[in-house]
Amino acid sequence: MNYNETGIVALQKGNYETAVESFMKAVEEEPNQAIGYINLGNVFASLGDPERAEPFFQQAIVLDEEAGTAYYGLANLYFNQERYEEAAKLYEVALRTGIEEADAYFMLGKSLERSEQPKLALPYLQRAAELAPEDLDIRLSYGILLANLELFKEAGNEFRFVIEQDEENEDAHYNLGFLYAVSTEHKEDALKHLKRAFTINPEYEQARYIYDMIQLDSN
């Protein structure tokens, strides 16, 4: 095995120190190859050290402008630092360079959403849901965005799908209950799902608050 392969094996075993040493040797042996820098960036990102990870991703991009995983890794760093506009640009490049996974579309959508560009985010979250239809986190986030854009029917479909797959999903119950409350006359359905949310999680104060508000309005 070469040093990159040795490092990946060490990483899979949770031996980060050995992984770093192996990837460093890979970079020393082949300083013009992007893969070693990407691996180092990923290791330090996994260790929660974005300051050390960032220059390795940047160097990988300098060496290979088509290194999609380097753009993706750097975008993740920026997203976690709440640098959403910068992250969105990097996710876009990652997609253009061949990263076709649902997570890349999802993260681009979330970056745009948090940059207060929900309409631009919508097609990316939709595509993520198409690529990973069983991923309940993606489906829930897609539903919330649909609801925020007042596409209530479509949002309800997403929340109901999540609940069908995971009856104990408190956030899906909360969002479906809230949707019923604001977009329909189905107050009983709203109360049922809101109550389910704070029954699953007794600390779900927002669900309990809206439940109580509906009850007051009904009296």
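Note that this is a predicted model, so its numbers are computed, not measured.

## Looking at the side chain of Glu54
Topologically, Glu54 is positioned in helix α4 (residues 50–63). For Glu54, which is buried and forms no salt bridge, the nearest opposite charge comes from Arg83, at a distance of 4.3 Å. Not counting the four nearest positions on each side in its chain, Glu54 is found in contact with Leu74, Leu77, Tyr78 and Arg83.

## Some thoughts on helix α10 (residues 152–165)
The end-to-end C-alpha separation of α10 is 20 Å, in line with the 20 Å expected for 14 residues at 1.5 Å each. Those residues of α10 not exposed but buried are Ala155, Gly156, Glu158, Phe159, Phe161, Val162 and Ile163. Next to the buried residues of α10 lie α9 (136–148), α11 (170–183) and α12 (187–200).

## Some points on the pattern of salt bridges
Evaluation of the coordinates by the stated rule reveals six salt bridges. Across the pair Glu130 and Arg127 runs a salt bridge, and its minimum N-O distance is 3.4 Å. Of this pair, Glu130 and Arg127 are both found in helix α8 (residues 118–131), three residues apart, which corresponds to roughly one turn of the helix. Note on Glu130: relative accessible area 47%, which makes it partly exposed. Its relative accessible area of 31% is what places Arg127 among the partly exposed residues.

## Overview of unusual backbone geometry
If you check the backbone angles, Glu82 has positive phi at about 65° while not being a glycine. Its place among the elements puts Glu82 in the loop between α5 (68–80) and α6 (84–96). With phi around 65°, Glu150 is a residue other than glycine that occupies positive phi space. Relative to the helices and strands, Glu150 is located in the loop between α9 and α10.

## Concerning the packing of aromatic side chains
Taken as a whole, this structure holds seven aromatic pairs when the rule is applied. Relative to Phe178, the ring of Tyr174 lies with its centre 6.1 Å away and its plane at 20°, an arrangement referred to as stacked. In this pair, Tyr174 and Phe178 are both assigned in helix α11, four residues apart and thus about one turn of the helix distant. Tyr174 sits in the buried class, given a relative accessible area of 12%. By way of ring pairs, the aromatic residues Tyr174, Phe178 and Tyr204 are connected into one cluster.

Quick notes on the rules
- Residues numbered from 1 in each chain as written.
- Predicted model: local features only at pLDDT ≥ 70, side-chain atom pairs only at ≥ 80, totals over all residues.
- Heavy atoms only, no water.
- Helix = DSSP H or I, 4+ residues; strand = E, 2+ residues; numbered from the N terminus.
- Buried < 20%, exposed > 50% of the residue type's maximum accessible area, 1.4 Å probe, protein only.
- Lys, Arg positive; Asp, Glu negative; His and termini not counted.
- Salt bridge = Lys/Arg side-chain N within 4 Å of Asp/Glu carboxyl O.
- Contact = heavy atoms within 4.5 Å.
- Expected span 1.5 Å × (residues − 1).
- Phe/Tyr/Trp six-rings, centres within 6.5 Å; stacked < 30°, edge-to-face > 60°.

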